[in-house]
Amino acid sequence: RQCLMVSRNLGSVGYDPNEKTFDKILIANRGEIACRVIRTCKKMGIKTVAIHSDVDASSVHVKMADEAVCVGPAPTSKSYLNMDAIMEAIKKTRAQAVHPGYGFLSENKEFARCLAAEDVVFIGPDTHAIQAMGDKIESKLLAKKAEVNTIPGFDGVVKDAEEAVRIAREIGYPVMIKASAGGGGKGMRIAWDDEETRDGFRLSSQEAASSFGDDRLLIEKFIDNPRHIEIQVLGDKHGNALWLNERECSIQRRNQKVVEEAPSIFLDAETRRAMGEQAVALARAVKYSSAGTVEFLVDSKKNFYFLEMNTRLQVRVDSGIQPGSDISIYYDPMISKLITYGSDRTEALKRMADALDNYVIRGVTHNIALLREVIINSRFVKGDISTKFLSDVYPDGFKGHMLTKSEKNQLLAIASSLFVAFQLRAQHFQENSRMPVIKPDIANWELSVKLHDKVHTVVASNNGSMFSVEVDGSKLNVTSTWNLASPLLSVSVDGTQRTVQCLSREAGGNMSIQFLGTVYKVNILTRLAAELNKFMLEKVTEDTSSVLRSPMPGVVVAVSVKPGDAVAEGQEICVIEAMKMQNSMTAGKTGTVKSVHCQAGDTVGEGDLLVELE
């Protein structure tokens, strides 16, 4: 996944090169945040130590650091959350300080105490602030004491699923079940009834234990259709604290931020000031002495409620991968963060759309199409958003960009031009004595182009770098440099500029083209080849209702059925953990289990067969 930020206010800070700094810092994290810290340390002349799991041995942050120490196997509980191994790495490398990044041990008070006991500096707030704000239960109690608006709910630790149901009934549905030590959307579930509360308690506690080593949960009233807005705060050790305006993070998927924007289009000056003052009051109440983020939920009437305080770093452009990097099932699926800015919101959004069109990622499934679609959506452009934006706009899931008739014709014209350009290039190989598949002296290329199961008649001809293309009776002119070796192709269609990517091309005429952020599969054949293709046998489609396949790489956490069991449509069959999130796999129809192809602890790949029904 990518996380976007649209901004209209960016500043820069520097440091005094004459100021005394550490000689060596250990970064207790991985990925893009570790790379970001290492780059800053290099600029400041500070040596760095990276820690890594065995599967991360070739990661970018490991290669960037001056030293690297393996702290255990892939599971986070045995590596990046393994305090004993990390403390040993600190002693071995004689690091003077530790930068925790975000997630993992960044808000773990015991880790901060261990460092203090060894006279190693924790780069962040002191242990009191971490304990107070890193624990959602304690932070909520402190917020109330500091007269900060809080969400109604149960302020203690929920013991078991049945107590969760009792508490949820007392609060009133819907409720939010969340990990006390959590963050990043992990260990969080919305429950609308007793059954969802029981399931939510089970899955959230498992996610919390896996991600944070702490399975404690709390329950509070779910504020329906809110905005998620954060205030950045800074505090020092002299009792000073200030707030630095806000960013809106309302566009979310599974409680994880997808798009962030600064400033919020929703807030007025009075509400902004009130939120900032409450954020500062909370920071002062815990004697906060670092950079942090106070998160609020804001309803349609601009009432705001304290959500949590993150005693760690938040948001900028960075990536922790390179060609050949492995996107592991064990860690957060973040590929990179992309930030654009402009003199106003319109310019910032335009730059974001252009940047997404020019973003080249190969080898993994990503969310560029969704991100691009969000920022051009009319509701988002108007500022009519909430944390339910994605489920409201895409109730059946995101299916990609819906082409207008004009856009569809542009895509067909570009795809046809690309097809002809590839054919013309093939005819110009030096010392090629074989007969060309298509005659080189064709003036008009009569093509059959299939898109979304509909076949279109296309006629294309070229004059130098310009193609004249007739699509279902409409004529378009397509111009480009036609550098077919480049991953990006800038194309003009009747004066409209587009950036496209040809992701794949097969001999059978299949092409995958990224256009307006979405990948479209088209099949292009000459008219003769299309006629002959009618005699080819079609592949039989699998009955997916009778089989359950893994939708992603992951680890099987639990299997709930065995051969011979009767199951109902929608019943949980197994649970797969991927990227630290628990996913409940359900039956596609009512039936009897024929066979089970997995067990708890198995590693599965995308598309692997899990369970068959009769």
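All of these numbers come straight from a predicted model, not from anything done at the bench. (Residues numbered from 1 in each chain as written. Predicted model: local features only at pLDDT ≥ 70, side-chain atom pairs only at ≥ 80, totals over all residues. Heavy atoms only, no water.)

## Overview of the sheet that holds strand S8 (residues 175-179)
Working step 1: A sheet is described by the order of its strands in space; here four strands give the open sequence S7-S10-S8-S9, paired in antiparallel fashion. The open sheet has two edge strands, strand S7 (153-154) and strand S9 (188-191), and neither has a second partner.
Working step 2: With four bridges joining them, S8 and S9 adopt antiparallel strand pairing. By the bridge assignment for S9, Val 175 is matched with Ala 191.
Working step 3: With respect to the sheet, helix H7 (residues 161-171) is in contact with S7, S8 and strand S10 (217-221), its orientation differing from that of S10 by roughly 20 degrees.
Working step 4: Lying on the sheet, helix H8 (residues 194-212) is in contact with S8, S9 and S10; it crosses S9 at an angle near 175 degrees. (Pairing = 2+ DSSP bridges. Helix = DSSP H or I, 4+ residues; strand = E, 2+ residues; numbered from the N terminus. Contact = heavy atoms within 4.5 Å. Axes fitted to C-alpha atoms, helices over the stretch in contact; angles between N-to-C directions.)

## Here we look at a nonpolar patch on the surface
Working step 1: A surface patch of nonpolar side chains, about 250 Å² in accessible area, is lined by Leu 234, Leu 242 and Leu 244.
Working step 2: As for its placement among the helices and strands, Leu 242 is situated in strand S12 (residues 241-253). (Patch = residues over 30% accessible without salt bridge, like charges linked within 9 Å, V, L, I, M, F, W, Y side chains within 5 Å. Areas by Shrake-Rupley, 256 points an atom, 1.4 Å probe, with all protein chains shown as cover. Salt bridge = Lys/Arg side-chain N within 4 Å of Asp/Glu carboxyl O.)

## A short note on the packing of helix H10 (residues 345-357) against helix H11 (residues 368-376)
Working step 1: Put simply, H10 and H11 touch, their axes get as near as 10 Å, and they point 160 degrees apart. By the angle between their axes, H10 is roughly antiparallel relative to H11. Crossing geometry of H10 relative to H11 is assigned as left-handed. Contact with H10, carried on its side by Leu 349, Met 352, Ala 353, Leu 356 and Asp 357, involves Ile 368, Leu 371, Arg 372 and Ile 375 of H11 and no other residues of that element.
Working step 2: Here the residues of the contact of H10 with H11 sort into seven nonpolar, no polar and two charged. (Parallel < 35°, antiparallel > 145°, perpendicular 65-115°, else oblique. Left-handed = near helix turned anticlockwise from the far one by under 90°. Nonpolar A, V, L, I, M, F, W, Y, C, P; charged D, E, K, R; others polar.)

## Thoughts on the domain arrangement of the chain
One widely used convention gives an interface's size as the accessible area the parts lose upon coming together.
Working step 1: When the domains of the chain are assigned, the result is domain 1 (24-123), domain 2 (155-221), domain 3 (227-325 + 336-393), domain 4 (405-428 + 441-534) and domain 5 (547-613).
Working step 2: Taking only C-alpha atoms into account, the centre of domain 3 sits 35 Å from that of domain 5. (Domains from an automatic or database assignment.)

## What about the sheet that holds strand S18 (residues 445-451)?
Working definition: the strands of a sheet are paired by backbone hydrogen bonds and lie parallel or antiparallel to each other.
Working step 1: Read around the closed barrel, eight strands run S18-S19-S20-S21-S22-S23-S24-S25, paired in antiparallel fashion. Within this sheet the neighbouring strands show an average axis-to-axis angle of 35 degrees, counted without direction.

## As for the pattern of salt bridges
Working step 1: In the structure shown here, the tally under the stated rule is 27 salt bridges.
Working step 2: For Arg 166, the salt bridge goes to Glu 163, with nearest N and O atoms at 3.3 Å. Note that Arg 166 and Glu 163 are positioned in helix H7 at a spacing of three residues, about one turn of the helix.
Working step 3: Arg 166 sits in the partly exposed class, given a relative accessible area of 40%.
Working step 4: With a closest N to O distance of 3.2 Å, Asp 565 and Lys 562 form a salt bridge.
Working step 5: Shared partners join several salt bridges into a network, and the residues in it are Glu 230, Arg 247, Lys 257, Glu 260 and Glu 295. (Buried < 20%, exposed > 50% of the residue type's maximum accessible area, 1.4 Å probe, protein only.)

## Some details on the side chain of Lys 24
Working step 1: Among the secondary structure elements, Lys 24 is positioned in strand S2 (residues 24-27).
Working step 2: Classification of Lys 24 as buried rests on a relative accessible area of 16%.
Working step 3: Within the structure, Lys 24 has its side chain in polar contact with the backbone oxygen of Thr 93 (distance 2.8 Å).
Working step 4: Beyond its immediate chain neighbours, meaning those up to four positions away, Lys 24 contacts Ile 46, Lys 47, Val 49, Glu 67, Thr 93, Arg 94, Ala 95, Gln 96 and Ala 97. (Polar contact = N/O pair within 3.5 Å; in protein donor to acceptor, adjacent residues only side chain to side chain.)

## Comments concerning the packing of H7 against H8
Working step 1: Where H7 contacts H8, the axes come no closer than 9 Å and their chain directions differ by 135 degrees. By the angle class used here, H7 and H8 are oblique. Our pair here, H7 against H8, has a crossing hand that is right-handed. Two secondary-structure elements touch here, H7 through Ala 161, Glu 162, Ala 164, Val 165, Ala 168 and Arg 169 and H8 through Asp 194, Thr 197, Arg 198 and Phe 201.
Working step 2: Residues belonging to the contact of H7 with H8 are distributed by class as follows: five nonpolar, one polar and four charged.

## A short note on unusual backbone geometry
Glycine aside, negative phi is the norm for most residues, and most peptide bonds take the trans geometry.
Working step 1: Of note, the amide linkage connecting Tyr 173 to Pro 174 takes the cis form, showing an omega dihedral of 0 degrees.
Working step 2: Structurally, Pro 174 is set in the loop between H7 and S8.
Working step 3: Of note, the bond from Ala 262 into Pro 263 is cis; its omega dihedral lies within 30 degrees of zero at -5 degrees.
Working step 4: Within the secondary structure, Pro 263 is located in the loop between strand S13 (256-262) and helix H9 (269-285).
Working step 5: Despite not being glycine, Lys 302 shows a phi value in the positive range, around 70 degrees.
Working step 6: Within the element layout of this structure, Lys 302 appears in the loop between strand S14 (291-298) and strand S15 (304-310).
Working step 7: Its relative accessible area of 25% is what places Lys 302 among the partly exposed residues.
Working step 8: A positive phi angle, near 65 degrees, is found at Asp 453, a position not held by glycine.
Working step 9: Relative to the elements of secondary structure, Asp 453 occurs in the loop between S18 and strand S19 (454-463).

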